[in-house]
Amino acid sequence: MVMPSEFISFDRTDIHQLRDFLLNQRRVSGWTQEELSERSGVSVRTIRNLETGSNTNPRRASVALLLTALGAAPASLSEPAPWESSGWTVLPEQRPEAQRSRTATLSPWHGPRPLRDPLVGRQADMRHILSSAQRSRLIILTGPGGVGKTRLALAAASRLRPLFRDGVAVVELRDCPPEHLDTARTRAELTRVTQDLIGEAAPSRGGAQSGRRLLVLDGAEHVAQQTARIARQLLDEHPGLHLMVTSRRALAAGASETWEVEPLWVDGQEGRDMTVPSAVELLLRRVQASLPTLDLAHHLPQVTTLCRLLDGVPLAIEIAAQRLRSLPLTSLLHEETLFHLLDQADTGGLSAHRTLSDSVRWSYDLLPVPHRELLCDLVALPNGFSLDDVLTAQPSRRSGMVRVAHLLAELVDASLVQTNRERQYTYRIHELVRHVVTHAERSTDTGSVRSPESDCQGLVAAGRAG
């Protein structure tokens, strides 16, 4: 189909396949025609004409640029074009007109809804989640506090909504009691909230004809084991049910797909030449939305430095943008005072927790004492440390290498330690986690620390009050 000339000649079937492919890939990426134009260098007019099918003789270079921007390599003369393969699925709202009427009415939505402002820097995450939803009935999003798991899950659920005629239901699990305090109560509460959303109907036995529903379980880190158990049960009993779970702690849930949601890029993205890194773009967007008179265009190096100090964590960036309403940019560039200043701001509707540190403290307070002790040792190490560095820093631990390795793995699973999985595994701790752990340790030294159980109960109560 690709001709060795400046233009590509399509027959009627081919141009419709290309049109559907471009529409599907652009919408899966979450881009407008203008955004695709910026990323590809192809004019908006050309994109519009291709998507409407009015341009049946596009330039070869234009198609190649669009495919590259959308993450599909242009086909060689001997290979089928990307839109001819069966590896992509047309979502219902992009199907031909004859089929579209069946999905014209949106299915029901219960629970918190996604925010309307665009996601920044999450195109690759979204593509993977939407693709995973076509392979697996259970998707688990993990990552540290404030990284944007909930927002990404709700946005993905909104995109997937046309696939589920019985609707989407979202439940926040943060009010469930931590499972290590009362396993039976946790199990009963999880069963109650999920059954309330699924309905009183008996388990489906209709196979492909049974109802289709997407259930989003948000914030399962403190009930991870019981969530995994009830997820397996629900999927067995309801063949048409799909689950999406967000959790700072990985779930052992059998046949599932897990995706680690990482912070936004600060210094550019691998394999792409980005004019503005996604972390910087988010901060600029938020400042422009809340304070349009503040022009940071001439301060991009300082903005980049601030985003780097915040490790690209979206929640921290959003709060920093909020802080710029009352404090100058230069006041936030001091590492030793940055998080103290940000902690004075109420997170409002940005988080389930009242302050930025509360978001991390939630994870820290769920840790058993041995895990806390190791984490306190790890914050003293420079980022990029290895398991051997941990053992060297504390020679007394070397005899218990297996136990240290287990505790370190648990901290990684809790998203309090980040892993760089290259030739040699190395580890890093986000600056916000260092800040919270350091101050928790000082509280212990002054005798003002509470027990893990009382901390957890206090946080659950605070979450309900908030």
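Please refer to the structure higher up on the page.
This one's a predicted model, so the numbers in the text were calculated from it and none came from an experiment. (Residues numbered from 1 in each chain as written. Predicted model: local features only at pLDDT ≥ 70, side-chain atom pairs only at ≥ 80, totals over all residues. Heavy atoms only, no water.)

**Q** Explain empty space enclosed by the protein here, please?
**A** Which parts of space are left empty comes out when a probe the size of a water molecule is rolled across the atoms. Scanning the model with the defined rule gives two cavities of 30 Å³ or more in all. For the largest cavity, the calculated volume is near 100 Å³. If you trace the largest cavity, you find 13 residues lining it, with Pro144, Gly145, Val360, His430 and Val433 closest to the centre. Elements with a contribution of two residues or more to the lining of the largest cavity: α14 (356-365) and α18 (431-445). (1 Å grid on protein atoms, 1.4 Å probe; cavity = no way out; pocket = protein on both sides within 12 Å on 5 of 7 lines; lining within 4 Å. Points joined across faces, edges and corners; volume = space filled by probe spheres on them. Helix = DSSP H or I, 4+ residues; strand = E, 2+ residues; numbered from the N terminus.)

**Q** Just checking my understanding: could you explain unusual backbone geometry for this structure?
**A** Of note in the backbone geometry, Asp311 takes a positive phi value of approximately 60 degrees without being a glycine. With respect to the element layout, Asp311 can be found in the loop between α11 (300-309) and α12 (314-323). For Ser415, which is not glycine, the phi torsion reads 65 degrees and is therefore positive. Within the secondary structure, Ser415 is located in the loop between α17 (401-413) and β7 (418-421).

**Q** What should I look at first to understand the side chain of Gln33 in this one?
**A** Examined against the element boundaries, Gln33 turns out to sit in helix α2 (residues 33-40). At 2.8 Å, the side chain of Gln33 and the side chain of Glu51 are in polar contact. Excluding anything up to four places from it in sequence, Gln33 contacts Arg26, Val44, Ile47, Arg48 and Glu51. (Polar contact = N/O pair within 3.5 Å; in protein donor to acceptor, adjacent residues only side chain to side chain. Contact = heavy atoms within 4.5 Å.)

**Q** So what exactly am I meant to see when it comes to the pattern of salt bridges here?
**A** A side chain of one charge can pair with a side chain of the opposite charge when the charged atoms of the two come close. Counted according to the given criterion, the structure contains 18 salt bridges. Measuring nitrogen to oxygen at the nearest pair gives 2.8 Å for the salt bridge that ties Glu257 to Arg135. Of the two residues, Glu257 sits in strand β6 (residues 257-260) while Arg135 sits in the loop between α6 (123-132) and β2 (138-142), which places them 122 residues apart along the sequence. Overall, Glu257 belongs to the buried group, its relative accessible area being 19%. Across the salt bridge formed by Asp196 and Arg192, the nearest N and O atoms sit 3.2 Å from each other. Highlighted residues: Asp196 and Arg192, both in helix α8 (residues 183-198), separated by four residues, approximately one helical turn. Accessibility expressed as a relative area gives 43% for Arg192, which makes it partly exposed. The network of salt bridges with shared partners includes Asp117, Arg151, Arg286 and Glu318. (Salt bridge = Lys/Arg side-chain N within 4 Å of Asp/Glu carboxyl O. Buried < 20%, exposed > 50% of the residue type's maximum accessible area, 1.4 Å probe, protein only.)

On their own, these measurements won't tell you what the molecule is for.
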